[in-house]
Amino acid sequence: MTTLLLVRHGLTAMTGPVLAGWTPGVRLDERGRAQVAALGARLAPLPLAAVVSSPLERCVETAEAVAAGRGEPAEKIETDDRFGEVRYGDWTGRPLKELAEEPLWRVVQAHPSAARFPGDAGEALADAQHRAVTAVRDWNGRIAAAHGPDALYAVCSHGDIIKSIVADALGLHLDQFQRIQADPASLTVIRYTETRPFVVRLNDTGGDVAGLVPEPPEERSGKDGLGSSDAAVGGGA
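For the structure given in this document, a descriptive report is provided here. What you are looking at is a predicted structure, and each value in this text was computed from that prediction instead of being measured.

**Things to note about the overall build of the protein chain**
Then step 1. Counting its secondary structure elements, the protein chain contains seven helices and six strands.
Then step 2. If you list the helices and strands of the protein chain from N to C, you get β-α-β-α-β-α-α-α-β-α-β-β-α.
Then step 3. By the compact-globule yardstick of 18 Å for 237 residues, the protein chain fits well, its C-alpha radius of gyration being 18 Å.
Then step 4. For the protein chain, the spread of C-alpha atoms along the three principal axes comes to 55 × 35 × 30 Å.
Then step 5. The proportion of buried residues among the 237 residues of the protein chain is 47%.

Spelled out as structure tokens, the structure:
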């Protein structure tokens, strides 16, 4: 029952008008720093077993804010390239307004599983989803082995990567992932069980997190007569 907290990085000067991708040196701006400071304070009560980040600066800075909210040093943050942004190839650094005129734009919108970004460094969206979901599975096993099956951990990543992980958790084909939203500095929570993942929160930008603290095993065992992987018919209480 490992619980994953997916955090999108805060705002940068390029967020929105320009596709930053793997452009080096893209850091949080004043708005983004304020966003992630508030997020770090909000997540401070949670017993996070680890904070993992995309290697890109805007995510590392976001992860540092999450760690700082818990009074932990930045050195404890681990990076994993598999949580890095989609490699947009020749689209990197170009304005979205300009990219929207490209024929590939419609493929990305309506049939993203068929989209591969142009250029030698371009990546297919399906490949990006595969590496990200594989990373989640690896980290779930690693965290559970070291900290127990009820552990929580955070991953700081990027919008399309987070959306692709959520699509997998919901059992959606990648072609449906554009229906999911992940705003800057938002929190998305997925609880993984033996039977299925549960999407607990999606694109949360300000809710209380007390309900994410794991219950003690003695209180949870046999609660409502359900197993840990069972979904409550009717929604439960």
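**Structural notes on the state of the cysteines**
Then step 1. All chains considered together, the criterion is met by zero disulfides.
Then step 2. In this model Cys59 remains outside any disulfide bridge; the closest cysteine sulfur is found in Cys156, 6.5 Å from its own.
Then step 3. The class of Cys59 is buried, set by a relative accessible area of 0%.
Then step 4. The class of Cys156 is buried, set by a relative accessible area of 0%.

**Examining the packing of helix H5 (residues 125-147) against helix H6 (residues 159-170)**
Then step 1. Their axes nearest at 9 Å, the elements H5 and H6 cross at an angle of 70 degrees. Taken together, the axis directions place H5 and H6 in an arrangement best described as roughly perpendicular. Judged by the twist between their axes, the crossing of H5 over H6 is right-handed. On H6, the residues touching Ala128, Gln129, Arg131, Ala132, Val133, Val136 and Arg137 of H5 are Ile161, Ser164, Ile165, Ala167 and Asp168.
Then step 2. For the contact of H5 with H6, the residue count by class is seven nonpolar, two polar and three charged.

What counts and how
- Residues numbered from 1 in each chain as written.
- Predicted model: local features only at pLDDT ≥ 70, side-chain atom pairs only at ≥ 80, totals over all residues.
- Heavy atoms only, no water.
- Helix = DSSP H or I, 4+ residues; strand = E, 2+ residues; numbered from the N terminus.
- Rg over C-alpha atoms; globule rule 2.2 N^0.38 Å.
- Buried < 20%, exposed > 50% of the residue type's maximum accessible area, 1.4 Å probe, protein only.
- Disulfide = S-S within 2.5 Å.
- Axes fitted to C-alpha atoms, helices over the stretch in contact; angles between N-to-C directions.
- Parallel < 35°, antiparallel > 145°, perpendicular 65-115°, else oblique.
- Left-handed = near helix turned anticlockwise from the far one by under 90°.
- Contact = heavy atoms within 4.5 Å.
- Nonpolar A, V, L, I, M, F, W, Y, C, P; charged D, E, K, R; others polar.

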